[in-house]
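Each chain, letter by letter, is given below.
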Amino acid sequence: LFRSQPVDIDPVALAAALRQVEYAPDDGDVRPVAKAAHIERGRVWATDGKLLGRVAFPYDGPTIALPDNQLKRAPDVLATGATLHIANVQDNQAGSLRIDNGHLTLVVRLQHVGRLPDPEPLLPLPNDKHLEVVIDRAGLVAALRRFMPFALMVGYKQVVMAYVALELQEGRFLMTNT
């Protein structure tokens, strides 16, 4: 028996928000906060401790901590007409979520993560300066081609995949490997 309360969330908007933050949580992490996408008052967010994905979202109910192993499944069920129900709410956190979409039903045991950190202080404040950057695509591609042999080397070892960080500073464009 699933005693639940309906949740007033636009399922299509929630699916879009979950897709925008699905890169951030890490199921290999030991911290519960890093293993879920958090749907809470005014936002959907996820983090692995290094990356932070956050989307403003119109929701004002108990926190829903959707485990990251469900982030690929849930958006497929969240379509027009889907209904959401939560149950087992304790300490303003839902314990389970049911998504009904006519022929599909997904029931998920949610993560209980205790008191959540506030991700807002990690985000930069809005800047009233408007910055416009125009980059010559051909020039950037040429620079990347010249840079990649160096990015693929770490000390005396050659790496399989290189990461390139692009940083815009006052009057200069900086390219580094991480």
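Check the entry above for the structure.
From a predicted model like this one, the values you see are computed outputs, not experimental measurements. (Residues numbered from 1 in each chain as written. Predicted model: local features only at pLDDT ≥ 70, side-chain atom pairs only at ≥ 80, totals over all residues. Heavy atoms only, no water.)

Asker: So, the sheet that holds strand E8 (residues 104-109): which residues are in play, and what are the values?
Answerer: Pairing within the open sheet is antiparallel, and its four strands lie in the order E1-E6-E7-E8. With one partner strand each, in any of the chains shown, strand E1 (5-7) and E8 form the two edges of the open sheet. Neighbour-to-neighbour, the strand axes of this sheet turn through a mean angle of 25°, independent of strand direction. Of the strand pairs in this sheet, E1 and strand E6 (residues 83-87) are connected by three bridges, and their pairing is antiparallel. (Pairing = 2+ DSSP bridges. Helix = DSSP H or I, 4+ residues; strand = E, 2+ residues; numbered from the N terminus. Axes fitted to C-alpha atoms, helices over the stretch in contact; angles between N-to-C directions.)

Asker: Any details on the sheet that holds strand E5 (residues 64-67)? Residues and values, ideally.
Answerer: If you walk across this open sheet you meet the four strands as E4-E3-E2-E5, and the pairing is antiparallel. The two strands at the open ends of the sheet, each matched to only one other strand, are strand E4 (52-56) and E5. Adjacent strand axes in the sheet meet at a mean angle of 15°, parallel and antiparallel pairs treated alike. In terms of strand pairing, strand E2 (residues 36-40) meets strand E3 (residues 43-47) through four bridges, oriented antiparallel. Bridged to Ile39 within E3 is Val44. Sitting on the sheet, helix H1 (residues 11-21) touches E2, E3, E4 and E5, and the angle it makes with E3 is about 25°. (Contact = heavy atoms within 4.5 Å.)

Asker: Break down the environment of Pro32 for me, citing the residues and quoting the values.
Answerer: Here Pro32 is to be found in the loop between H1 and E2. C-alpha separation for the pair Pro32 and His112, spaced 80 residues apart in sequence, amounts to 7.7 Å. Apart from residues lying up to four places away in sequence, Pro32 is in contact with Gln111 and Val113.

None of the figures reported here should be taken as evidence of function without further support.
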